[in-house]
Amino acid sequence: MEVRTTQHKAQHQGTQGAPQPRLAHAYRPGNPDTLIFSAEFQAPLDMDHMSPRLRAFLSEPIGEKDVAWVDGISHELAINLVTKGFNKAYVLLGQFLLMHKREAEFQKWLICCCGATEFEARECSNCLKEWCSCFL
């Protein structure tokens with residue numbers, strides 16, 4: 001069964017704090033004309049409990065931002081990442097996506113291959129996960 005999820009943003013000003021509906025629909029096997037719909041609700045991001053750096057990163061698309069813009073990336077880690085070819089935030093995001101957004105696997109890679117601390121790896125993977133939930 002193929003499942004597709006789309007997120008619809010609230011259209012009215014009075015619903016900004018309310019959970020955002022996510023409509024998931026799936027095609028029945030062998031009958032692509034029949035759709036099954038289900039509604040899920042996703043809680044909005046709590047921007048008050050985010051670091052200013054994470055809030056700034058999530059405020060807009062990645063574009064051409066340097067890897068140092070990613071929350072959790074220290075100056076030293078940024079140098080290590082650039083040396084390995086991860087000079088832009090979107091390149092690091094690509095690595096995260098290649099690992100199927102598995103945070104533990106991505107954190108282990110950052111620690112083992114790039115010299116990140118556990119804290120840096122955790123913050124970085126959380127930042128990319130949150131960015132994906134906002135923009136993908």
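Residues numbered from 1 in each chain as written. Predicted model: local features only at pLDDT ≥ 70, side-chain atom pairs only at ≥ 80, totals over all residues. Heavy atoms only, no water.

## Comments concerning the nonpolar core
L81, L92 and L110 are the most contacted members of the largest nonpolar core, which totals 28 residues. By residue number, the principal contributor to this core is helix 5 (residues 118–135), which donates six residues. The residues contacting L110, other than those within four sequence positions of it, are L81, L92, G115, A116, A121 and C124. (Core = buried A, V, L, I, M, F, W, Y, C linked by side-chain atoms within 4.5 Å. Buried < 20%, exposed > 50% of the residue type's maximum accessible area, 1.4 Å probe, protein only. Helix = DSSP H or I, 4+ residues; strand = E, 2+ residues; numbered from the N terminus. Contact = heavy atoms within 4.5 Å.)

## Quick look at the packing of aromatic side chains
Within the structure shown, the criterion is met by four aromatic pairs. A ring pair is formed by F96 and F106, whose centres lie 5.2 Å apart and whose planes are at 80°; its orientation type is edge-to-face. With F96 in helix 3 (residues 89–98) and F106 in helix 4 (residues 103–114), this pair connects stretches of sequence that are 10 residues apart. Summarising the burial analysis for this pair, F96 and F106 share the class buried. Each residue in the set F86, F96, F106 and W109 is aromatic and connected to the rest through ring pairs, giving one cluster. (Phe/Tyr/Trp six-rings, centres within 6.5 Å; stacked < 30°, edge-to-face > 60°.)

## Quick word on unusual backbone geometry
Backbone geometry places H100, a non-glycine residue, at a positive phi of 55°. With respect to the element layout, H100 can be found in the loop between helix 3 and helix 4. Given the relative accessible area of 58%, H100 is considered exposed. For K101, which is not glycine, the phi dihedral falls at a positive 60°. Mapping K101 onto the fold places it in the loop between helix 3 and helix 4. Taking the relative accessible area as the measure of exposure, K101 reaches 44% and is therefore partly exposed.

## Quick word on the packing of helix 3 against helix 5
The packing of two helices is summarised by the inter-axis angle and the distance between the axes. The interhelical angle for the contact between helix 3 and helix 5, taken along N-to-C directions, is 85°, at an axis separation of 11 Å. Compared by their axis directions, helix 3 and helix 5 come out roughly perpendicular. Along its contact with helix 3, which presents L92, L93, F96 and L97, the element helix 5 presents C124, S125, L128, K129, W131 and C132. Broken down by class, the residue content of the contact of helix 3 with helix 5 amounts to eight nonpolar, one polar and one charged. (Axes fitted to C-alpha atoms, helices over the stretch in contact; angles between N-to-C directions. Parallel < 35°, antiparallel > 145°, perpendicular 65-115°, else oblique. Nonpolar A, V, L, I, M, F, W, Y, C, P; charged D, E, K, R; others polar.)

## Let's talk about helix 2 (residues 75–83)
Turning to helix 2, its buried residues are L77, A78 and L81. All buried residues of helix 2 project into a common sector of 105° when viewed along the axis, lining one side. Those residues of helix 2 that are exposed and angled more than 90 degrees off the buried face are H75, E76 and T83. Each element contacted by the buried residues of helix 2 is listed here: helix 3, helix 4 and helix 5. Among the residues trailing helix 2, G85 stands out with phi positive, at a value near 95°. (Arc of directions from axis to C-beta.)

## Structural notes on helix 4
If you check helix 4, its first and last C-alpha atoms are 15 Å apart, about what 12 residues at 1.5 Å a residue would give, namely 16 Å. Close packing links the buried residues of helix 4 with helix 2, helix 3 and helix 5. Phi turns positive one or two residues past the end of helix 4, at G115, with a value near 80°. (Expected span 1.5 Å × (residues − 1).)

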